[in-house]
Amino acid sequence: MDPAGPAAPAALTDPTALTDPADPAASGASASAQERRLHFLTPLRRAWVPIAATIGIVAQQGENLSEWVTAVSTALRILALAALVLVFGVYGFLSWWFTHYAVTDTELRIRSGLLFRRTAHIRLDRIQAVDVTRPLLARLAGVAKLRLDVIGTEAKDELAFLAENDAVSLRAELLARAAGFTPAEAPLLGEAPERELLRVEPRDLAVSLLLTMTTWAIIAGGIAGPLLVWWFSSNPWVAVVTLLPVLGAMWAGSAGRFLAEYDWRVAESPDGLRLDHGLLDRVHETVPPGRVQTVRIVEPLLWRRRGWVRVELAVAGSKNDVLVPVATRAAAHAVVARVLPGVDLGALVFEPSPRSGSRWVVPVWWKGYGLAVSADVFAARHGRLCRRTEIVPHAKVQSVRRSQGPWQRARGVADVHVDTGANGTVTARLRAAAEAAELLHAQAARSRTSRAVARPDRWMT
């Protein structure tokens with residue numbers, strides 16, 4: 001095992017994120033960069049890797065280990081424990097000592113590794129988001145983790161850990177450099193100003209979770225599932241094994257979600273929309289400007305009387321998928337208008353699927369399907385108990401497809417699929433066959449025209 005700790009595999013495997021070593025400009029920039037180390041508390045975090053490995057070995061060899069321990073003297077036990085602590089400490093120290101990062105004129109460079117040296121070159125013009133994460137223990141220690149979204153990569157590169165002030169300063173510098181500011185100007189700009197757009201009260205978040213049918217379904221399944229397993233198997237241990245993953249799902253859908261979305265704030269800044277949230281682990285995320293592919297408005301059945309909605313996003317190259325956990329419809333539409341400038345969701349008029357053909361293809365639920373097309377967006381709606389509305393800007397459409405099964409052909413209806421850059425698809429279901437054929441060509445023309453006049457995806461513009 002390489003004692004250098006984790007590197008940045010996403011940047012290394014992405015050819016667009018690598019700097020050509022033969023480029024003299026890049027070599028000069030790399031040579032003049034000042035390398036810096038992570039926070040001195042980082043070895044404590046890195047030491048958990050061998051600790052976890054040791055715990056796994058102990059769990060696997062539990063019976064044999066107890067025999068070995070009883071066979072040696074107390075002095076040898078103390079020496080063995082001291083040796084383990086020494087090994088863990090040396091591993092953490094070496095992984096910290098041989099990890100450096102530097103900001104050059106064109107890239108963020110991360111070097112790591114003792115036996116096998118690895119260098120990640122992250123081009124500044126490919127950075128689309130820089131998030132600051134503060135886990136609970138890190139907040140107590142005054143450190144933070146910096147995570148970077150790079151165009152064309154799946155996983156996030158990260159620097160863990162930095163002092164909080166250093167993390168905020170480095171984030172501001174990287175965003176300024178990605179916006180085109182010179183190396184001399186970027187460090188002096190500091191954190192860009194922000195204006196708060198929306199804040200979710202903890203009480204509203206708790207009530208929204210209680211009014212979500214999925215939460216109660218998970219709890220009911222968590223109670224009934226292990227009891228049924230116990231009843232049919234007559235083995236309590238099998239029921240316990242079944243209960244463990246169910247408890248994880250119950251936590252993620254209720255208390256875990258509340259902790260993650262606690263004190264949710266949305267603010268507007270020159271570098272995009274900033275999201276701050278979390279009770280135990282505080283997360284500072286950024287929705288990159290111009291990178292949002294799809295906006296989804298979710299309206300659970302029990303939320304509609306209160307006029308509440310949830311706003312989700314599909315961002316190319318990013319896993320930030322929630323914009324607003326719960327808010328009134330008017331407040332949510334105002335925030336979406338900042339993500340999709342010029343789009344008025346309240347002005348969209350949805351045309352339902354034709355009754356004559358749709359009710360025989362999808363009985364009852366066909367009434368939940370609808371389609372709205374404006375000068376800026378393509379919007380499709382589906383669902384009756386939990387209504388979901390997906391909005392795609394014309395400029396983000398990658399391809400348009402029309403599909404029609406045998407039963408749909410018999411009833412004279414078809415589906416129109418719109419594919420986006422986030423590997424997602426928005427489908428207008430059960431449209432009249434003639435309308436679907438016309439929509440296919442019209443949407444392709446709208447997307448082509450919109451891409452030609454769309455603003456470039458640039459920071460701070």
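Residues numbered from 1 in each chain as written. Predicted model: local features only at pLDDT ≥ 70, side-chain atom pairs only at ≥ 80, totals over all residues. Heavy atoms only, no water.

Undergrad: Quick question: what am I supposed to make of the sheet that holds strand 14 (residues 322-328) here?
TA: Within a sheet, each strand pairs with its neighbour through backbone hydrogen bonds, oriented either parallel or antiparallel. Taken in spatial order, the seven strands of this open sheet run 14-13-12-18-17-16-15, and their pairing is antiparallel. On the outer flanks of this sheet lie strand 14 and strand 15 (351-352), each paired with one strand and no other. In this structure, strand 12 (residues 292-299) lies alongside strand 13 (residues 308-315), joined through six bridges in antiparallel fashion. From the neighbouring strand, Ile297 faces strand 13, where its bridge partner is Val311. Sitting on the sheet, helix 14 (residues 329-339) touches strand 12, strand 13 and strand 14, and the angle it makes with strand 14 is about 150 degrees. (Pairing = 2+ DSSP bridges. Helix = DSSP H or I, 4+ residues; strand = E, 2+ residues; numbered from the N terminus. Contact = heavy atoms within 4.5 Å. Axes fitted to C-alpha atoms, helices over the stretch in contact; angles between N-to-C directions.)

Undergrad: Please clarify how the pairing of strand 12 should be interpreted in this entry.
TA: Remark: a regular strand shows side chains that alternate across the two faces of the sheet. Counting buried positions along strand 12 gives seven out of eight residues, so the element sits mostly inside the fold. Across five bridges, strand 12 lies against strand 18 (residues 387-393) in antiparallel orientation. By the bridge assignment for strand 18, Val295 is matched with Ile391. (Buried < 20%, exposed > 50% of the residue type's maximum accessible area, 1.4 Å probe, protein only.)

Undergrad: Even after reading the chapter, I still don't get the pattern of salt bridges, so can you show me in this structure?
TA: Pairs can form between side chains of opposite charge whenever their charged atoms are close. Per the stated rule, a full pass over the model turns up 27 salt bridges. Of the charged contacts, one joins Arg274 and Asp271 as a salt bridge, the two residues approaching to 3.1 Å between their closest N and O atoms. As far as burial versus exposure is concerned, Arg274 and Asp271 are alike and both buried. One salt-bridge network, held together by shared partners, links Arg257, Glu261, Arg296, Arg310, Glu312 and Glu390. (Salt bridge = Lys/Arg side-chain N within 4 Å of Asp/Glu carboxyl O.)

Undergrad: Help me understand a positive patch on the surface in this model?
TA: Taken together, Arg355, Arg359, Lys367, Arg384 and Arg411 make up a surface patch of like positive charges. Residue position: Arg411 is located in helix 16 (residues 406-411). On the basis of relative accessibility, which here comes to 33%, the residue Arg411 falls in the partly exposed class. (Patch = residues over 30% accessible without salt bridge, like charges linked within 9 Å, V, L, I, M, F, W, Y side chains within 5 Å. Areas by Shrake-Rupley, 256 points an atom, 1.4 Å probe, with all protein chains shown as cover. Lys, Arg positive; Asp, Glu negative; His and termini not counted. Charge placed at Lys NZ, Arg CZ, Asp CG, Glu CD.)

Undergrad: Just checking my understanding: could you explain unusual backbone geometry for this structure?
TA: In this structure, Phe161 follows Ala160 across a cis peptide bond, with omega equal to 5 degrees. For Phe161, the position within the fold is in strand 7 (residues 157-163). The residue Asp263 is not glycine, and still its phi comes out positive at about 50 degrees. Within the secondary structure, Asp263 sits in the loop between helix 13 (255-261) and strand 9 (265-269). Phi is positive for Val364, which is not a glycine, with a value near 65 degrees. Within the element layout of this structure, Val364 appears in the loop between helix 15 (355-361) and strand 16 (370-373).

Undergrad: Explain the packing of helix 11 (residues 213-233) against helix 12 (residues 236-253) here, please?
TA: A pair of packed helices is captured by two measures, namely the crossing angle of their axes and the spacing between those axes. Interhelical geometry of helix 11 versus helix 12 gives an angle of 175 degrees and a closest axis separation of 8 Å. Compared by their axis directions, helix 11 and helix 12 come out roughly antiparallel. Every residue of helix 12 that contacts helix 11 at Thr215, Ile218, Ile219, Gly221, Gly222, Pro226, Val229, Trp230 and Ser233 is listed here: Pro236, Val238, Ala239, Thr242, Leu243, Val246, Ala249, Met250 and Gly253. Class assignment for the residues of the contact of helix 11 with helix 12 results in twelve nonpolar, six polar and no charged. (Parallel < 35°, antiparallel > 145°, perpendicular 65-115°, else oblique. Nonpolar A, V, L, I, M, F, W, Y, C, P; charged D, E, K, R; others polar.)

Undergrad: Explain helix 8 (residues 164-178) here, please?
TA: Each full turn of the α-helix corresponds to 3.6 residues, which orients residues three or four apart in the same direction. Taking 1.5 Å as the rise per residue, helix 8 with 15 residues should run 21 Å; its terminal C-alpha atoms sit 21 Å apart, in good agreement. When we look at burial in helix 8, the residues that qualify are Ala167, Leu170, Arg171, Ala172, Glu173, Leu174, Leu175, Ala176, Arg177 and Ala178. (Expected span 1.5 Å × (residues − 1).)

Undergrad: For this particular structure, what's the right way to read the sheet that holds strand 19 (residues 397-403)?
TA: The strand order across the open sheet formed by three strands is 19-20-21, and the pairing between neighbours is antiparallel. Whereas interior strands pair on both sides, the edge strands pair on one side only; in this sheet they are strand 19 and strand 21 (425-432). Adjacent strand axes in the sheet meet at a mean angle of 20 degrees, parallel and antiparallel pairs treated alike. Here strand 19 pairs with strand 20 (residues 413-420) via six bridges, running antiparallel. By the bridge assignment, Ser399 is partnered in strand 20 with Asp419. In the packing of helix 17 (residues 433-453) onto the sheet, contacts are made with strand 19, strand 20 and strand 21, and the angle to strand 19 comes to roughly 170 degrees.

Undergrad: It is not clear to me how the nonpolar core should be interpreted in this structure. Could you clarify?
TA: Where a protein is soluble and globular, its nonpolar side chains tend to be buried together. Of all hydrophobic cores here, the largest spans 36 residues; its most connected members are Val266, Val295, Ile297, Val311, Leu323 and Val324. When residues no more than four places from it in sequence are discounted, the contact partners of Leu323 are Trp264, Val266, Leu273, Leu275, Val287, Val311, Glu312, Leu313, Val335 and Val339. Formed by 22 residues, the second largest nonpolar core is a distinct cluster that contains Leu108, Ala120, Ile127 and Val130. (Core = buried A, V, L, I, M, F, W, Y, C linked by side-chain atoms within 4.5 Å.)

Undergrad: What exactly am I supposed to notice about the confidence of the model for the chain here?
TA: Low-confidence regions, as indicated by low pLDDT, have predicted coordinates that should not be scrutinised in detail. Overall, the prediction assigns the chain a mean pLDDT of 82, with 84% of residues at 70 or greater. Low confidence marks residues 1-32, where pLDDT is under 50. Its contacts with residues over four positions away, or in another chain, come to 65 contacts. (pLDDT = per-residue confidence, 0-100.)

Undergrad: Sorry, what's going on with the packing of aromatic side chains here?
TA: The geometry of an aromatic ring pair is captured by the separation of the ring centres together with the interplanar angle, meaning the angle of the planes. Within the structure shown, the criterion is met by five aromatic pairs. Judged by centre distance (6.3 Å) and plane angle (85 degrees), the rings of Trp303 and Trp308 are edge-to-face. Connected via pairs of aromatic rings, a cluster forms that spans Phe93, Trp96 and Trp97. Its end group placed over the ring of Trp97, Arg37 keeps NZ or CZ at 3.7 Å from the ring centre. (Phe/Tyr/Trp six-rings, centres within 6.5 Å; stacked < 30°, edge-to-face > 60°. Lys NZ or Arg CZ within 6 Å of the ring centre and 35° of its normal.)

Undergrad: Mind showing me how you'd approach the environment of Asp263 here?
TA: Judged by its relative accessible area of 16%, Asp263 falls in the buried class. Along the sequence, Asp263 and Arg282 sit 19 residues apart, while their C-alpha atoms lie 9.6 Å from each other. Polar side-chain contacts of Asp263 include one of 2.8 Å to the side chain of Arg199. (Polar contact = N/O pair within 3.5 Å; in protein donor to acceptor, adjacent residues only side chain to side chain.)

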